There are 2 protein chains.
Amino acid sequence: MELGAARIGIVGLGLMGASLAKKLTASGTVRRVTGWDRDGAVRHLARSQGVAEVPEGLEELGSESDVLIFAVPWRFLADADRAVRRGLAKGGQTMWAVMDLCSAKRAPGELLRRSWGGRYVGFHPMAGKERGGIIHATAELFSGAPCAIVSYPDTAPEVSSFAARLAAALGMDPVEASPEDHDAAVAVVSHLPQLLASALALVAGEEARRNPLGARLAGGGFRDTTRVASCPAEGGADLVSANGDHLRRGIGRLIQILEEFLSLPEEALEERLRAAASAREEILAIAAGRSAA
Amino acid sequence: MELGAARIGIVGLGLMGASLAKKLTASGTVRRVTGWDRDGAVRHLARSQGVAEVPEGLEELGSESDVLIFAVPWRFLADADRAVRRGLAKGGQTMWAVMDLCSAKRAPGELLRRSWGGRYVGFHPMAGKERGGIIHATAELFSGAPCAIVSYPDTAPEVSSFAARLAAALGMDPVEASPEDHDAAVAVVSHLPQLLASALALVAGEEARRNPLGARLAGGGFRDTTRVASCPAEGGADLVSANGDHLRRGIGRLIQILEEFLSLPEEALEERLRAAASAREEILAIAAGRSAA
């Protein structure tokens, strides 16, 4: 299907779903953009601000769409999926493509593939913001970010291709990934940083209560290292339930390395810290070269 | 002593010492700025670029200064201090004030107080950069940063006052602190972030070797959370030897919190993550209000 022919239905109009709707509505890339949210105030805002067309209910949204994008937290995914299928079943319809924006893919993929088989493809824009919700949504949220396109062996090739073209139309660099590789990778470069930032902010908060000096001396290092701790808590809580095994492994390894830091003689520690700086730079160089690759 | 009357001698012309020298030389705040580094190439650069006047040796530097600032890594501090005192002893001179820029203060303070008693005051600019060395030094490095002024009960009040005025002249907000409070505070808002960033970069580097996708999907979250891992490794290795007890306590607490994250039910985790975001915002609000306070 051409992008210009597609009617896109977005389930969930939080930061991610509403930003997606805004960009697609503003750019006129697709034939139609409808959206739905379980929160009536959000639906009202989406309608009044022209973020998307908002149908009567989730069941209508499904029957008026060719491509469905679930932009809800993982824990609400099963309910949202059931509601959409109920609507489609009445009219005997099916869906040309189904995606989700969840930040882990194995668990959501298993769930949605039971409903949609080879019409499902995982879609993960590696973008976000410190403030969540439709009021912080912006059409530019995705610009320049990588977007994982997570296909299964039986995913219809035209569905994967549509997802990659959609990512590009949103200003992102599509990156093909298997579900397992995707989840292992984001555990380390995305989910672990978020939990670490939150844990560090909590340790600092406890120290600041004992010793107010900590807050007065906090500088750019603290601000940057904890930045993603300000990302919406709902998304963070989802990480552990959807990607717990990889996160557990990453945290275990991180703890080993911290303990090693504390026990190494000074010069060996210096060498490890230098290796850390190199590892960071290599990763950022690869990330920066993504679109060139 | 007025700033304008002081001859400042800076021992160590790395990023911090050379930035200090550049700012003082450029602003004409003090009477004279001399500097010394154990690396001949650095001395040559300092001289040819007019960063500071460079005497023949460390012994001369001391005898031509009223105020001495040690800007060397902690592990070189005892040697540098001995060399300066040797020079002074020949002429029967002493020093009006002595400071160090070490990022922890208890251990360096103990060492320098044995040499200088109440003429010593700790000076800790909470500023830095991803690249070290004189070639990255800049007069603006300190602008807007907090600077801890670490006095002891017997520190001469005129010495503490001089240090605070010097910090202000460098564009910093002076923050008075006891050695113990200082080290506990920076362990959490500065040293712990640096070790965490390095540990995360190492975990990500290991994962990237197994699964190249990680690097391709790295975005702003990874970049910011690991930024301080690119700070000079020498400084990082010093943290553990100079502030190990506080760091060990901070890392221990952080590990507890990470383990808690992995075991909490989703809603309780969401609440903890929300508390982390609040703690971060409170700390940053206090840090931002520093100069107003």
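Residues numbered from 1 in each chain as written. Chains lettered and ligands numbered in written order. Predicted model: local features only at pLDDT ≥ 70, side-chain atom pairs only at ≥ 80, totals over all residues.

Moving on, we get to the overall build of chain A. Across its full length, chain A holds eleven helices and seven strands. At 21 Å, chain A has a C-alpha radius of gyration in line with the 19 Å of a compact globule built from 293 residues. Considered along the principal axes of its C-alpha atoms, chain A spans approximately 70 × 40 × 30 Å. Taken over 293 residues, chain A has a buried fraction of 56%. Put simply, 73% of the contacts in chain A that link residues at least 6 apart link residues at least 24 apart. (Helix = DSSP H or I, 4+ residues; strand = E, 2+ residues; numbered from the N terminus. Rg over C-alpha atoms; globule rule 2.2 N^0.38 Å. Buried ≥ 20, exposed ≤ 12 C-beta atoms within 10 Å, placed from the backbone. Contact = placed C-beta atoms within 7 Å.)

Superposing chain A onto chain B takes a rotation of 180° plus a shift of 0.0 Å along the axis, which leaves an RMSD of 0.0 Å. Such values leave the two copies arranged in the relation of a two-fold axis. Of the C-alpha atoms belonging to chain A, the one lying closest to the rotation axis is found on T225 of chain A, 2.0 Å away. Both copies present the same face, since 99% of the interface residues in chain A are matched by interface residues at the equivalent positions in chain B. (Least-squares fit on C-alpha atoms with pLDDT ≥ 70 in both.)

Below, the discussion takes up the domain arrangement of chain A. Residue and element names in this part refer to chain A. Domain assignment breaks chain A into domain 1 (3-177) and domain 2 (183-288). Domain 1 and domain 2 are separated by 30 Å when their C-alpha centres are compared. Every contact between the two is made by 15 residues of domain 1 and, on the other side, 15 residues of domain 2. Listed by contribution, the elements that provide at least two residues to the side of domain 1 that touches domain 2 are α4 (74-91) and α5 (106-116). (Domains from an automatic or database assignment.)

One finds V11, I69 and I149 of chain A together with V11, I69 and I149 of chain B to be the most contacted residues of the largest nonpolar core, which totals 209 residues. Ignoring any residue separated from it by four or fewer positions in sequence, one finds V11 of chain A in contact with W36, L58, L61, L68, I69, F70, A71, V72, A80 and V84 of chain A. (Core = buried A, V, L, I, M, F, W, Y, C linked by C-beta atoms within 7 Å.)

The next point concerns the packing of helix α7 (residues 179-210) of chain A against helix α11 (residues 266-288) of chain B. With their axes 8 Å apart at the nearest point, α7 of chain A and α11 of chain B run at an angle of 55° to one another. It follows that α7 of chain A is oblique to α11 of chain B by the angle criterion. When the axes of α7 of chain A and α11 of chain B are compared, the crossing they make is left-handed. When α7 of chain A is examined against α11 of chain B, the residues S198, A201, L202, A204, G205 and A208 of chain A are found in contact with a partner set consisting of L273, A275, A276, A279, R280, E282 and I283 of chain B. Of the residues contributing to the contact of α7 of chain A with α11 of chain B, the split by class is nine nonpolar, two polar and two charged. (Axes fitted to C-alpha atoms, helices over the stretch in contact; angles between N-to-C directions. Parallel < 35°, antiparallel > 145°, perpendicular 65-115°, else oblique. Left-handed = near helix turned anticlockwise from the far one by under 90°. Nonpolar A, V, L, I, M, F, W, Y, C, P; charged D, E, K, R; others polar.)

The next point concerns the pairing of strand β6 (residues 146-150) of chain A. All names here are of chain A. By the criterion of burial, β6 is predominantly enclosed, with five of the five residues buried. Here β6 shows two buried faces, one formed by P146, A148 and V150 and the other by C147 and I149. By the bridge criterion, four bridges tie strand β5 (residues 120-125) to β6 in an arrangement that is antiparallel. Bridge pairing in β6 places G122 opposite V150. Sheet topology places β6 next to strand β7 (residues 173-177); five bridges connect them, and they run parallel. (Pairing = 2+ DSSP bridges.)

We now examine the sheet that holds strand β1 (residues 7-11) of chain B. Think of a sheet as strands paired side by side through backbone hydrogen bonds, with each pair either parallel or antiparallel. All names here are of chain B. Read across the sheet, four strands follow the order β2-β1-β3-β4 without closing on themselves; strand pairing throughout is parallel. A single partner strand is all that each edge strand has here, and the edge strands are β2 (32-36) and β4 (97-100). Going across the sheet, the axis of each strand differs from the next one's by a mean of 15°, ignoring polarity. Summarising the sheet, β1 and strand β3 (residues 67-70) pair through four bridges and their orientation is parallel. Across the sheet, V11 pairs through a bridge with F70, a residue of β3. Helix α4 (residues 74-91) rests against β1, β3 and β4 of the sheet, and its axis sits at about 155° to β3.

Another aspect to go through is helix α1 (residues 15-27) of chain A. Since the α-helix advances by 3.6 residues per turn, residues separated by three or four positions end up pointing in the same direction. All names here are of chain A. Here α1 contains 13 residues, and its C-alpha end-to-end distance of 18 Å stays within 8% of the 18 Å for a straight helix at 1.5 Å per residue. The buried count for α1 comes to eleven of 13 residues, which makes it a mostly enclosed element. Every buried residue belonging to α1 is among L15, M16, G17, A18, S19, L20, A21, K22, K23, L24 and T25, and all of these are buried. Where α1 is buried, its residues meet β1 (7-11), β2 (32-36), α2 (40-48) and β3 (67-70). Backbone geometry just after α1 places G28 at a positive phi near 65°. (Expected span 1.5 Å × (residues − 1).)

Residues and elements named next belong to chain B. Its 32 residues place the ends of helix α7 (residues 179-210) 44 Å apart at the C-alpha level, agreeing with the 46 Å of an ideal helix rising 1.5 Å per residue. Along its length, α7 reaches its greatest deviation from straightness, about 50°, at A187. A large share of α7 lies buried, amounting to 27 of its 32 residues. (Bend = angle between axes of the 7 residues up to and from the residue.)

Most of β1 of chain B is tucked away: four of the five residues are buried. Traced from β1 of chain B through helix α1 (residues 15-27) of chain B to β2 of chain B, the parallel crossover comes out right-handed. (Right-handed = clockwise from strand over helix to strand, strands pointing away.)

The next point concerns the interface of chain A and chain B. Size of an interface: often given as the accessible area lost when the parts come together. Between chain A and chain B, the residue contacts involve 84 residues of the former and 83 residues of the latter. Sorting the residues of the side of chain A that touches chain B by element identifies β6, β7, α7, α8 (213-217), α9 (220-225), α10 (233-263) and α11 (266-288) of chain A as the ones contributing at least two each. It is α7 of chain A that contributes the most residues to the side of chain A that touches chain B, 24 residues altogether. Considering only residue class, the side of chain A that touches chain B consists of 51 nonpolar, 16 polar and 17 charged.

Residue and element names in this part refer to chain B. The sheet built from three strands is open, its strands ordered β5-β6-β7 with mixed pairing. The two strands at the open ends of the sheet, each matched to only one other strand, are β5 (122-125) and β7 (173-177). Adjacent strand axes in the sheet meet at a mean angle of 25° when their direction is disregarded. As paired strands, β5 and strand β6 (residues 146-150) are joined by four bridges and run antiparallel to one another. Residue P125 lies in a different strand from β6, and its bridge partner there is C147. Most of the contacts of helix α6 (residues 157-169) go to β6, to which it runs at about 170°, and overall it touches β5, β6 and β7. Sheet contacts for α7: β5, β6 and β7; angle to β6, the most-contacted strand, approximately 145°.

This part covers the packing of α7 of chain A against α7 of chain B. For the pair α7 of chain A and α7 of chain B, interaxial distance at closest approach is 11 Å and the crossing angle is 170°. Here α7 of chain A lies roughly antiparallel to α7 of chain B, going by the angle between them. Contacts between α7 of chain A and α7 of chain B involve A184, A185, V188, V189, L192, P193, L196, L200, V203, A204 and E207 of chain A from the first element and A184, A185, V188, V189, L192, P193, L196, L200, V203, A204 and E207 of chain B from the second. Here the contact of α7 of chain A with α7 of chain B is built from residues that sort into 20 nonpolar, no polar and two charged.

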